[in-house]
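Reading the structure
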Amino acid sequence: MEPSRRYENQVVLILFFTWGTVFLDRMSQLYLAPYFAPEFHLSSEQIGLLAAVVSVTWALSGLLFGAVSDRFGRRVVLIPGVLLFSALSWLSGVAHSFEQLLLIRALMGAAEGPCWAVINAITEESSARSRRGRNVGFVVSAGALVGLCAAPILTTQVASRWGWRWGFFVTGVPGLLMALLIWKFVREPRRGGDEAQDRRHPNVRGYLSILRIRNVWLCCVGASGFISWLFLQNVFAPLYITEVMHQPGTTAGFLLGAAGLGSFFIGLTFPGLSDRWGRKPTLLFLAFISTLLPIALYLPVLYGHLWLLAAILFLTQGGQGIAALIMVLVPSESVPPQFSATAIGLATLVGEIIGATIAPAAGGAMAERFGLGMPLLMGAASTILLFLAALFIRESGGLHMRRAPEPGVVPAD
């Protein structure tokens, strides 16, 4: 039905910008670190701790409120979350000590965590089966376009002209508009049971019972490797580029912005291709090329050819495509529909605790002992772990069913 297709596209577009706003607020701290770290006299370990505390609260609240949204609805969780993290991002700019900033970012992580699971659950539930990969990939790719491409350029330019506090002030504004658009235009999705999915998992009848599913465990392992790769490079690459390679902060913003732009295009393309190719082979390919990115950042010889380095980063940043597959599509398609946000939240919980909490803290400690290049090598090892987990994943969602035509999806009134 054409009206349903139009509504599907409308929801996907709104959620695209909403997720971009979430990732803008989260990642801005990493790009502003070279500017506020000297003022607060922060060590590499403390910078890693700032990233880690967001990840802990993000992970715990994501699982908890993802399950709440499975039971009570998506809007009641998403709209307050968007409003709260936007306010807390703005408050980051008024912090006057490391402890204040740590507390504000911890609260912001708690507000942002549910948004990931709920945004992607709404995207899947509002999409036709044959377009789930395409739509989830499009929404998730906003994290690359806004958080990994625009954010490093925007925040470093603002900070270099008006100070790092204004960088946080600017990133806190867009979420207010997105909360209004969600309230006005995004309806509560109609969630019916998927009989084929229920037949595949007849013993899955409660939240804890999803732990019996093999893909759920493998997604947790894969998410740990992916998020470790993502945060080890994004926490420490700006410092490595500026302190070890002696490049200005704007060059770091340019290089990471090129990587983010590549992640946007890869994230926009490959999850949609997985609707036809399959989730597993697509994931394996993206894990392979993404291993090359931290290695390229590590090699000093490439800093004499910045445009070549930027091109390599552009072509090997598969992060948003990986996120769409290992943290959304595979876990949610491997469980009955009534547990989709819970499965997304569980993979996110494990991935965030290990990849965005333990890994940055360990990376900071290793950087203190062996230099800032070590976390980049740890990032390359992390995508190898992701590749190994993907080897054992069973194809999810029914490839033949995704290829079959189906009627449009009608939202609930």
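Within every chain, residues take consecutive numbers counted from 1 along the sequence as written. With the structure being a predicted model, the display of local features is reserved for residues of pLDDT at least 70 and the display and counting of side-chain atom pairs for 80 or more, all residues being used for whole-chain, interface and lining totals. Only heavy atoms go into the side-chain values, all of them from the structure, while hydrogens and water stay out.

**Considerations on the overall build of the protein chain**
Segments assigned H or I by DSSP are reported as helices when at least four residues long, segments assigned E as strands when at least two residues long, and all are numbered from the N terminus. Looking only at helices and strands, the protein chain features 16 helices and zero strands. Relative to its length of 413 residues, the protein chain is compact, with a C-alpha radius of gyration of 20 Å against a globular reference of 22 Å. The principal-axis extents of the C-alpha atoms in the protein chain amount to approximately 60 × 40 × 35 Å. Burial status across the protein chain gives 62% buried among its 413 residues. Contacts are assigned to residue pairs with any non-hydrogen atoms lying within 4.5 Å of each other. Taking the intrachain contacts of the protein chain between residues at least 6 apart in sequence as the baseline, contacts between residues at least 24 apart amount to 87%. Per-residue and other accessible areas follow the Shrake-Rupley method at a 1.4 Å probe size, with only the shown protein chains counted as cover for residues. Summed over all atoms, the accessible surface of the protein chain reaches about 15,700 Å², with 70% contributed by carbon and sulfur. With 29 positive and 22 negative side-chain charges, the protein chain shows a separation of 7 Å between the mean positions of the two kinds. Values of the radius of gyration come from C-alpha atoms, whereas the globule rule sets the reference at 2.2 Å times the count of residues to the power 0.38. With a 1.4 Å probe rolled over the protein chains alone, any residue whose accessible area is under 20% of its type maximum counts as buried; one over 50% counts as exposed, and the rest are partly exposed. Note that His is not counted, nor are the chain ends; the positive residues are Lys and Arg, and the negative ones are Asp and Glu. Charged groups are reduced to one reference atom each: NZ for lysine, CZ for arginine, CG for aspartic acid, CD for glutamic acid.

**A short note on the packing of aromatic side chains**
In this scheme Phe, Tyr and Trp rings, the latter by its six-membered ring, pair at centre separations within 6.5 Å, and the angle between planes marks the pair as stacked below 30 degrees, edge-to-face above 60, and tilted otherwise. In this structure the tally under the stated criterion is 21 aromatic pairs. Considering the side-chain rings of Trp-164 and Phe-168, the 5.9 Å spacing of their centres and the 90° angle between planes classify their relative orientation as edge-to-face. Here Trp-164 and its partner Phe-168 are both found in helix 6 (residues 164-171), four residues apart, which amounts to about one turn of the helix. Assessed through its relative accessible area of 6%, Trp-164 is described here as buried. Overall, the relative accessible area of 0% leaves Phe-168 in the buried class. Taken together, the aromatic side chains of Phe-16, Phe-17, Phe-138, Phe-264, Phe-265 and Phe-314 make up a single cluster linked through ring pairs. A positively charged side chain is recorded as over a ring if its NZ (Lys) or CZ (Arg) lies within 6 Å of the ring centre. The angle to the ring normal must also be within 35 degrees. The positively charged end of Arg-26 is found above the aromatic ring belonging to Trp-58, 4.2 Å away from the centroid. One Lys or Arg, Lys-184, reaches over the ring of Phe-185 and ends 5.8 Å from the middle of that ring.

**Re the packing of helix 2 (residues 44-72) against helix 4 (residues 98-125)**
Axes, fitted as lines to C-alpha atoms, cover a helix only where it is in contact. Angles between the N-to-C directions of the axes lie from 0 to 180 degrees. In the contact formed by helix 2 and helix 4, the axes pass within 6 Å of each other and the chain directions differ by 35°. Helix 2 and helix 4 meet at a crossing whose hand is right-handed. Each residue is assigned to one class: nonpolar for Ala, Val, Leu, Ile, Met, Phe, Trp, Tyr, Cys and Pro, charged for Asp, Glu, Lys and Arg, and polar for all the others, Gly among them. Of the residues assigned to the contact of helix 2 with helix 4, the class counts are 15 nonpolar, eight polar and two charged. Crossings are classed by handedness, with left-handed meaning an anticlockwise turn of the near helix from the far one by less than a right angle and right-handed meaning a clockwise turn.

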